[in-house]
Amino acid sequence: MSQRITVVEKILGANEQLAAANRCLLDKAAVFSLNLMASPGAGKTSLIEQTLEALGGRYKVAAVDGDVATSIDADRAAAAGAHAVQINTGGECHLDAVMLSQALAQIDLDATDLLIVENVGNLICPANFQLGTHCSVLIASVPEGDDKPYKYPGMYQGVDALVINKVDLLPYVEFDMDYFRRGVEALNPGLISFSLSCRTGEGLSEWTAWIAQQVERQTEVE
Ligand SMILES: Nc1nc2c(ncn2[C@@H]2O[C@H](COP(=O)(O)OP(=O)(O)OP(=O)(O)O)[C@@H](O)[C@H]2O)c(=O)[nH]1
Ligand SMILES: [Mg+2]
């Protein structure tokens, strides 16, 4: 068992080094970058589509879509106006820093303001692999249930922002928002959060205003 832990530590250590290299590339080109994580179907690609529409061409956006197979999500991001790169993980349940560095090589970072990475739909594995992005965002969707912070604490602990999606379904689904928020607060006190619906557009303007603020800040840092 102790040998196995050593190997895992080495893999994660190598991943962190590459993640740092990815961050350097992004910083050098003044690109603000997000790692979107969520369970399957929570609305990652929908949020990319809605964000692009709401930003209305204000920024040059690249999307890296991680999926086990298919290019469905990258095709959707491209149709919404992003320069989209698909990563097929071939069975892996998460993206890692090597995969992102290969995707970054296909993007003109100097001609990009915002990079949105859509991780593989999973609430466990993506939390263990840093990519080098500036901000990790977790999307929780109402139909998944209000107990997810309690059941997947690692994911909720490690993120920088939370999106609660599909609020249009609140009248139809048993979802105790107070119970959910108490779970989040215990794991990640003060976590910035956005309640929205990619279907109706409710709450999207607060999210896109925050994104715009981060992109502008990154440009100023340069
Ligand atoms: N009612 C409702 N449906 C939504 C909302 N956002 C997304 N959906 C629907 O949820 C389903 C999944 O959305 P996607 O954006 O494909 O989710 P995803 O997280 O990218 O899914 P994977 O990449 O397969 O993990 C689609 O049928 C969307 O139309 C929302 O705010 N409200
Ligand atoms: Mg998707």
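Presented here is an overview of the structure given in this document. (Residues numbered from 1 in each chain as written. Chains lettered and ligands numbered in written order. Predicted model: local features only at pLDDT ≥ 70, side-chain atom pairs only at ≥ 80, totals over all residues. Heavy atoms only, no water.)

## With respect to the environment of M37
Here is the rule: The helix and strand labels rest on DSSP assignments: H or I over at least four residues marks a helix, E over at least two residues marks a strand, and numbering proceeds from the N terminus. The buried label goes to any residue with under 20% of its type's maximum accessible area, the exposed label to any with over 50%, and the partly exposed label to all in between, with areas taken from a 1.4 Å probe on protein chains only. Contacts are assigned to residue pairs with any non-hydrogen atoms lying within 4.5 Å of each other.
One can find M37 in strand 1 (residues 32-38). A relative accessible area of 3% means that M37 is categorised as buried. For the pair formed by M37 and H134, sequence separation is 97 residues and the distance between their alpha carbons is 13 Å. Leaving out residues up to four positions away in the same chain, M37 has contacts with K44, N119, P126, A127, S136, V137, L138, I139, M155 and V159.

## Remarks on the site of ligand 1
Here is the rule: Proximity is defined per residue: if any heavy atom of the residue lies within 4 Å of a molecule or strand, that residue is considered near it. We call two N or O atoms a polar contact when they sit within 3.5 Å, provided that within protein one can donate a hydrogen and the other can accept it, with sequence-adjacent residues counted only if both atoms are side-chain atoms. Here the accessible surface of atoms and residues is derived via Shrake-Rupley with a 1.4 Å probe, and residues count as covered only by protein chains that are part of the display. When residues are sorted by character, Ala, Val, Leu, Ile, Met, Phe, Trp, Tyr, Cys and Pro go into the nonpolar class, Asp, Glu, Lys and Arg into the charged class, and all the rest, Gly among them, into the polar class.
Looking at ligand 1, there are 17 residues lining it, with K44, T45, S46, D168 and C198 nearest. In the model, an oxygen atom of ligand 1 is placed 3.0 Å from a nitrogen or oxygen of the G41 main chain. G43 is positioned such that a nitrogen or oxygen atom in its backbone is 3.0 Å from an oxygen atom of ligand 1. Protein contacts shield 74% of the accessible area of ligand 1, which totals 660 Å² for the unbound molecule. Listing elements by their share of the shell around ligand 1, those giving two or more residues are helix 2 (44-55) and helix 3 (72-79). In terms of residues, the shell around ligand 1 owes the most to one element, helix 2, which gives three residues. Broken down by class, the residue content of the shell around ligand 1 amounts to four nonpolar, six polar and seven charged.

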